[in-house]
Amino acid sequence: PSLRFCGSSSVCPQLRGPPDAALHEGVLAHYDSDSRSWQENYFVLLGDFTLRWFDNEEALRKGCEPRGSAALSGYLLLSAAGEYAKWLGDLCQGLAGGSPFADAPGEFPLFLCHPFRRHFCFRVGSAGARRAWRAALGDALRCRGTELRRRDSLEAEAFLAAVRFYRQERGRYGAEDLLLGSEPEILGNVLMEDLVPVLRSQVLPSFGGSERSRQRRWLQFLQEVYTLVLDEISSEFEGFQEEKEKLRIELEKKIRPDVDQMLTLKEQIASELQAVVRSPAESCCARGVEPDLACALEELLRPLGAGVEAVRSLFARRAEEMVALARSSPVAVLQKELLALGTTLWQPDAMRLCYEEADLYRESLRGLEERFGFHGVTSLVLGAQDLMQQLMQNCTHTFQQLSQQHLGRAAARRQLPQMLGKVKERVLKKFDYDSSSARERFAQEWLLRIFLPFLLKHLEAGCKLELPRYESFVFADFSGIINLENIYEETVLAVLQQAVGKGEGATSPRPEHPPSKYFQSPSRRCRVSADS
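Residues numbered from 1 in each chain as written. Predicted model: local features only at pLDDT ≥ 70, side-chain atom pairs only at ≥ 80, totals over all residues. Heavy atoms only, no water.

A. Main features of the pairing of strand β1 (residues 24-32). Bridging between β1 and strand β2 (residues 37-45) involves nine bridges; their strand directions are antiparallel. Looking at β2, one finds that Val27 is bridged to Tyr42. Counted between consecutive antiparallel strands, the loop separating β1 from β2 contains four residues, among which Arg36 sits at a positive phi close to 50°. When β1 meets strand β7 (residues 120-123), the two strands line up antiparallel, connected through two bridges. (Pairing = 2+ DSSP bridges. Helix = DSSP H or I, 4+ residues; strand = E, 2+ residues; numbered from the N terminus.)

In structure tokens:
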């Protein structure tokens, strides 16, 4: 089944990449676990979302080699020492290593955490500097994490579906946060999921010394294992790309002559499966899912609506600045500023207030993990932020195109402010229409992402184990093309989609604009909790 990520839009071209220049840079003190001391270096976050550090700024300007670098995929960004200590304790189960710092991290700490990569513990000089670094690093983590989803291609969908099916064959459902990063990184996550319990039982007991020493050695060991795993997977995946096109051509030749027969057979199997699966799926959905749909929908829409409204306000403010420039500056200056307008979506501090609204999901949807086993809140947050960035690009792109047209048509300079004002209103009207439908699509898709793994898991014993009975239905020539598990999942998904559609239809109509009153000022806060 196709659970497509709705972060992209057809209004404008696919989301463009960031500028080539550094996104953020400055001096940071970071903790060196070997010397157990804080060391100052000059850090640079590049446009490809790689973090590099140098001895000082002069070394950077002279073109010296960096002291080190890190691709920011799969990291978690934390701002409190207590949060980091808790995260560390969860990672090192059974090891009470205490605080990892010889000296306190100071008043404004910042932590980049990864279960299998080097950790970065920063001591930032001020609240403002930490806010700027947090916004820039958060942008990097989002873009690195969602790079595969943002391709919006059938090939990417097929890869993610294959990983989900692989885990589901092992009884593991709900893979959202494992599916962040590039293909090799996602495969590495899945492999480490299998490896870590084995290593913890067989290797960890052999580490002697104090608890803190054992914790440090365990983390270092995991990093070394992950490096080996990722290197091997990356090499094999790169080699597979060379033969993938040949396999695709061969598969197409095999499918094309018999496609009608395959589709007919698939429909026959689906009909047989429906008779067995639909009733239990509807019963499970009615008991376990439908009572929570309205609350979950409300919680999905509220932070996203507030974030979209913040995007609208930011664009309106920037567009009004262009109108003001048209009144007071030469046309050449206005044209230059119009070109620079497109970089707004890659200015982390400018978009920070929009993105922070999505972070509310981490608290408001916490109950979903307890009740439904949903482990995709990070993926949900990043997806909402991607959608906000796409909407901002659509606005700025359309405003730039229409404004450039009017610059050439204005008979007199005094007409420019009025024309740009009309362009702004036209773009905002289009934004209201597009963002309303985008919010609805996003919420509907994430309802499916949240509840489908729950349904599949609960139906596994009663329904999925029946699938081998239908293997004889598939001709030998079609066995590698018609996938029984895929047909089964489509049947369950159809039941859930019907319930989601029914739940959305029962909700009260929403105002066209402004959405802020509906999302930001609810009369009551509906919480999805473990008791719901």
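B. Looking closely at the pattern of salt bridges. The tally for this structure, following the rule as stated, stands at 39 salt bridges. When the shortest N-O distance is used, the salt bridge between Arg362 and Asp359 registers 3.6 Å. Here Asp359 falls in the partly exposed class, since its relative accessible area comes to 28%. Close ionic contact of Glu425 with Lys424 constitutes a salt bridge, the shortest N to O distance being 3.6 Å. Residue classification places Glu425 among the partly exposed residues on the basis of a relative accessible area of 46%. Each of Asp139, Arg142, Arg150 and Asp386 takes part in one network of salt bridges that share partners. (Salt bridge = Lys/Arg side-chain N within 4 Å of Asp/Glu carboxyl O. Buried < 20%, exposed > 50% of the residue type's maximum accessible area, 1.4 Å probe, protein only.)

C. A look at the pairing of strand β3 (residues 50-54). Of all five residues in β3, four are buried, a share of seventy percent or more. In this sheet, β3 lies alongside β2 in antiparallel orientation, the contact comprising four bridges. In the strand pairing of β3, Tyr42 is matched with Phe54. From the end of β2 to the start of β3, which pair antiparallel, there are four residues, and Phe49 there has a positive phi angle of about 65°. Pairing of β3 with strand β4 (residues 68-71) involves four bridges; the strand directions are antiparallel. Bridging across to β4, Leu51 finds its partner in Ala70.

D. Quick look at the sheet that holds strand β5 (residues 76-78). The antiparallel open sheet is built from seven strands, whose spatial order is β4-β3-β2-β1-β7-β6-β5. Of all the strands in the sheet, just β4 and β5 have a single pairing partner and so form its edges. On average, adjacent strands in this sheet sit at an angle of 30° to one another, irrespective of strand direction. Along the sheet, helix α2 (residues 81-91) makes contact with β5, β6 (109-113) and β7, crossing β6 at roughly 25°. Taken strand by strand, helix α3 (residues 127-145) contacts β1, β2, β3, β4, β5 and β6, and its axis lies near 10° from that of β6. (Axes fitted to C-alpha atoms, helices over the stretch in contact; angles between N-to-C directions. Contact = heavy atoms within 4.5 Å.)

E. Seen up close, the nonpolar core. With 110 residues, the main nonpolar core has Leu112 and Tyr361 as its most contacted residues. Counting residues per element, this core draws most heavily on helix α14 (residues 416-459), at 19 residues. Composition of this core by domain shows at least three residues from each of domain 1 (20-256) and domain 2 (274-506). Every residue in contact with Leu112, bar those within four places of it in the chain, is listed here: Leu51, Leu72, Tyr75, Leu76, Leu77, Arg118, His119, Phe120, Phe122, Leu137 and Leu141. Ranked by size, the runner-up nonpolar core spans 27 residues in total, among them Tyr84, Leu95, Trp218 and Leu222. (Core = buried A, V, L, I, M, F, W, Y, C linked by side-chain atoms within 4.5 Å. Domains from an automatic or database assignment.)

F. How the structure looks around the packing of α3 against helix α10 (residues 348-358). Put simply, α3 and α10 touch, their axes get as near as 9 Å, and they point 75° apart. Considering the angle they form, α3 stands roughly perpendicular to α10. Packed against α3, whose contacting residues are Arg131, Ala135, Ala136, Asp139 and Arg142, the element α10 presents Pro348, Asp349, Arg352 and Tyr355 at the interface. Residue classes in the contact of α3 with α10 are distributed as four nonpolar, no polar and five charged. (Parallel < 35°, antiparallel > 145°, perpendicular 65-115°, else oblique. Nonpolar A, V, L, I, M, F, W, Y, C, P; charged D, E, K, R; others polar.)

G. The state of the cysteines, seen in detail. The tally for this structure, following the rule as stated, stands at zero disulfides. Summary of cysteine pairing: Cys284 is not part of a disulfide, and the nearest cysteine sulfur, belonging to Cys285, is at 7.4 Å. (Disulfide = S-S within 2.5 Å.)

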